[in-house]
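# Observations on the three-dimensional arrangement
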Amino acid sequence: MTRDLGEFCARFVAPLLGGGTVHVAAPVRPADFRAMAGELATLRASEVAALRLQRAQQLVAEPDLHEPGAEELALWVALYNLLVLDHPDRGRVWARQATWRRVESAARYWLLFSRPEGFSAALANHAAVGAFLELSRRDQILSGAEGELRFVGQEIPRRRLRWTVPGALSVREETINWWSTAHAPEVSALQQDVLWASPVTCLLRPLMAPPGYSPLEGAGFLRHRAFARAVCHAWASSRHWIEIGGTVLGSLLFSLTGRPLSGPTPTAGATGAQSAGARPMLALPAPADSAGPEDVAALVAALIHVHFLRVLELGARLGVAPTSRDRPVQMFLALPLLLPALGEVLGSPLGGPASVGFDAQVERRWIEYIDHLGELIPRSVVENLLATLVPRVVKAEK
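One structure accompanies this document, and this report is about it. (Residues numbered from 1 in each chain as written. Predicted model: local features only at pLDDT ≥ 70, side-chain atom pairs only at ≥ 80, totals over all residues. Heavy atoms only, no water.)

Time to look at the packing of aromatic side chains. Ring pairs (aromatic) are described by centroid distance and by the angle formed between their planes. Tallied over the full model, the rule gives 14 aromatic pairs. On the basis of an interplanar angle of 50° and a centroid distance of 5.4 Å, the ring pair of Phe 119 and Phe 221 is categorised as tilted. Remark: Phe 221 occurs in the loop between α10 (216-219) and α11 (225-237) and Phe 119 occurs in helix α6 (residues 119-133); sequence separation between them is 102 residues. Each member of the pair, Phe 119 together with Phe 221, is buried. Here Phe 132 and Trp 179 contribute two aromatic rings whose centre-to-centre distance is 6.3 Å and whose plane-to-plane angle is 80°, an arrangement assigned as edge-to-face. One end of the pair, Phe 132, is in helix α6; the other, Trp 179, is in the loop between β3 (170-177) and α8 (185-196), with 47 residues separating them in the sequence. Assessed through its relative accessible area of 1%, Trp 179 is described here as buried. A connected cluster of aromatic rings, assembled from ring pairs, spans Phe 8, Phe 12 and Tyr 80. (Phe/Tyr/Trp six-rings, centres within 6.5 Å; stacked < 30°, edge-to-face > 60°. Helix = DSSP H or I, 4+ residues; strand = E, 2+ residues; numbered from the N terminus. Buried < 20%, exposed > 50% of the residue type's maximum accessible area, 1.4 Å probe, protein only.)

This part takes up the environment of Glu 71. Looking at the secondary structure, you find Glu 71 in helix α4 (residues 70-85). For the pair Glu 71 and Asn 125, spaced 54 residues apart in the sequence, the C-alpha separation amounts to 9.2 Å. Apart from the residues within four sequence positions on either side, Glu 71 is in contact with Phe 113 and Ser 114. (Contact = heavy atoms within 4.5 Å.)

If you walk through the whole model with that rule in mind, you get nine salt bridges. Among the salt bridges present, the one from Asp 32 reaches Arg 29, with a minimum N-O distance of 3.6 Å. Exposure remark for Asp 32: the relative accessible area of 0% places this residue in the buried category. The exposure class of Arg 29 is partly exposed, given its relative accessible area of 34%. Residues participating in the shared-partner salt-bridge network are Arg 55, Glu 134 and Arg 205. (Salt bridge = Lys/Arg side-chain N within 4 Å of Asp/Glu carboxyl O.)

The next thing to look at is the nonpolar core. Phe 8, Phe 227, Trp 235, Leu 335 and Leu 389 are the most contacted members of the largest nonpolar core, which has 117 residues in total. The residues that make up this core include at least three from each of domain 1 (1-134 + 184-197) and domain 3 (198-262 + 286-397). (Core = buried A, V, L, I, M, F, W, Y, C linked by side-chain atoms within 4.5 Å. Domains from an automatic or database assignment.)

With that settled, the discussion passes to the environment of Pro 211. Mapped onto the secondary structure, Pro 211 falls in the loop between α9 (199-204) and α10. Here Pro 211 falls in the partly exposed class, since its relative accessible area comes to 31%. As for Pro 211 and Gln 192, which are separated by 19 residues in sequence, their C-alpha atoms are 8.2 Å apart.

In structure tokens form, the structure reads like this:
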């Protein structure tokens, strides 16, 4: 039974944040959580504090992280209990089904409790959730004349190999991403709650975001310039950058208008397949008091900058045409065509008097790219954006 915070961090939190081997035993109970919450002050100069800072620095150079609080501990404990619920030997544990339902209910409550307020807390949550999405397990598979036997996250017992004829069996290993594999029903139901607890993760990986998530949830964080750069480069560096742009813009417009876009929504593709049963992201209308015009402007500016980054890498025109039939994708591809109407608010990717301009070759490529989009995108798509999106961005300056 885990009651000591130091042991819990040494066996689970530190390996999770540092890329080591996590150890899972008995589930953490509410009484254990309360006991560990009283010891949080001991983490101020611990290995965990250093590791979470290193994880945050992978995203922004100088993260302003607050000391771990009860909300962050709740996230750690919930992630741990998800692994307990999904343990391959769970069926061998003598426990009533009601016990596992209590573990699931507590994990769901802790994930709800851990939803962040402010960029510092959101960045700390991403340090844990981002690492959690990268967890992998190593399976050993025993193959023979009768078929294959998989030992999930475990080594093959020696008794299985001791009395066999040499050469009759073969052993191989597979490394599997834990998040994308099949899970126990309770864990599958809680995966969306994990993503809801980390708006930074959802903004960085919008194809994995849960149904109902709106990019406006984390748009305010784009006011941090270092984070905005990280988001733009994360989107632009993906080979699914067009699907990402269509998903983000389609969800943004649905959040603002409450009306779904006509035409098919781009699916998650290979990236979204990391989540079992992945579905297109669909945003619900955002509350009026939570979506300011500055947030809309920040998202639109980031999406336009993705186009520019692809032009800099000479990788834009090659991938534009094949997926340009979907309405959300068409609208994303049309965004650079709105710069004449948005330039006074958003500026130009080429830079202005206050920034270092690019050389003539880059400017020529950017102009050629916009001309190419003008030939590709139907005029009706541009007019739709001029009527629905531009007025909401221009409000940011009024």
